[in-house]
Amino acid sequence: MPDWLITPYDPCELGAIVALVNSAYRGGSAKIGWAHESDYIDGQRTSVEDLAAELAAEPAPSLLVLRGDAGGEILACVMIERIVEAGGRVVGYIGMLTVKPDLQAGGVGRALLAASEDYARGFGADLARMTVVSIRDTLVAWYERRGYQLTGERRPFPYDDERFGVPRVQGLEFVVLEKGLGPDFRGAPER
């Protein structure tokens, strides 16, 4: 595996992070990779203002970036939020996992997902959770190969909030996936 450098983001990099996220999820450049939403959601995935507000929320989520080397171009990013549920269970919510489209299917996402799970373990999480747009079967299958399981829970897609994009199809919703983060839950073997 290459020697990628994974670090917390620098606030001066928000513009580059937003450009990466939007290029990987939406628009023509996203179609270079396999993990895009551009066939069924138009518009931007996020903006500098929205991402800055999300990172300023309390409790603040963490945003990690992956580079090929120190000071190099941001190749991928992921947001991790510490959630304490009723009863005290700590969950790591993993979102906005993004890989530069021309690097998808090269191990970058797998490495960053593993790093985000380790990060969540570091703040005491014993469970990772995420949501994925329901019709993204290939992406759901990718997460399942990494040990995630569908919970059966579904959440509505915010059709009336263009901050999340402009849907091109009806029937979008989010499915919830979870993975235990204890020592017995390292995911399925690599394929």
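Note on numbering: residues in each chain are counted from 1, in written sequence order. Note on the predicted model: pLDDT of at least 70 is required for a residue's local features to be given, and 80 or more for side-chain atom pairs to be given and counted; whole-chain, interface and lining totals, by contrast, use all residues. Hydrogens and water molecules were not included; the side-chain quantities draw on all heavy atoms of the structure.

A. Spatial organisation of the side chain of threonine 46. In this text, helices come from DSSP runs of H or I with a minimum length of four residues, and strands from runs of E with a minimum of two, each type numbered from the N-terminal end. The topology assignment puts threonine 46 in the loop between β2 (41-42) and α2 (48-56). Only protein chains enter the accessibility calculation, which uses a 1.4 Å probe. A residue is then buried if its area is under 20% of the maximum for its type, exposed if over 50%, and partly exposed in between. The exposure class of threonine 46 is buried, given its relative accessible area of 5%.

B. Summary view of the nonpolar core. Among the nonpolar cores identified, the biggest contains 27 residues, and Leu113, Met130, Val132, Tyr143, Tyr148 and Leu177 are the most heavily contacted of them. Going through the elements one at a time, β3 (62-67), β4 (74-84), β5 (90-99), α3 (108-122), β6 (127-133), α4 (137-145) and β9 (173-180) are the ones with two or more residues in this core. Residue contacts are defined here by distance: any two heavy atoms, one from each residue, within 4.5 Å place the two residues in contact. In this structure, tyrosine 148 is in contact with Ile94, Leu113, Glu117, Ala128, Met130, Tyr143, Leu177, Glu178 and Lys179, ignoring residues within four places of it in sequence. In this structure, Ile17, Val21, Cys77 and Met96 belong to the second largest nonpolar core, which totals 15 residues. Nine residue types can take part in a nonpolar core, namely buried Ala, Val, Leu, Ile, Met, Phe, Trp, Tyr and Cys, and a core is a set of them joined through side-chain atoms within 4.5 Å.

C. View of the packing of aromatic side chains. Aromatic rings from Phe, Tyr and Trp, with only the six-membered ring used for Trp, were paired whenever their centres fell within 6.5 Å, and each pair was classed as stacked if the ring planes differed by under 30 degrees, edge-to-face if by over 60, and tilted otherwise. Taken as a whole and judged by the stated rule, the model has five aromatic pairs. Centre to centre, the rings of tyrosine 119 and phenylalanine 123 are 6.0 Å apart; their planes meet at 85°, and the pair counts as edge-to-face. Ring geometry for tryptophan 142 and tyrosine 143: centres 5.0 Å apart, planes at 75°, overall edge-to-face. The two residues tryptophan 142 and tyrosine 143 agree in class, both being buried. Grouped by ring-pair contacts, the aromatic residues Trp142, Tyr143 and Tyr148 constitute a single cluster.

D. Quick peek at unusual backbone geometry. Here the amide bond leading from glutamate 58 into proline 59 is cis, since omega sits at -5°, within 30 degrees of zero. Topologically, proline 59 is positioned in the loop between α2 and β3. Phi is positive for methionine 96, which is not a glycine, with a value near 55°. As for its placement among the helices and strands, methionine 96 is situated in strand β5. Assessed through its relative accessible area of 8%, methionine 96 is described here as buried. A positive phi angle is found at alanine 105, which is not glycine, with a value near 75°. With respect to the helices and strands, the residue alanine 105 is situated in the loop between β5 and α3.

E. Up close: α4. Inspection of α4 places Leu139, Val140, Trp142 and Tyr143 among the buried residues, and these make up the whole buried set. The arc enclosing the buried residues of α4, seen along the axis, measures out at 155°, which places them on a common side. When the buried face of α4 is taken as reference, the exposed residues oriented beyond 90 degrees from it are Asp137 and Thr138. Its buried side turned inward, α4 meets β5, α3, β6, β7 (149-156) and β9. At the C-terminal side of α4, glycine 147 shows a positive phi close to 100°. The arc under discussion is defined with respect to the helix axis, by the directions toward the C-beta atoms.

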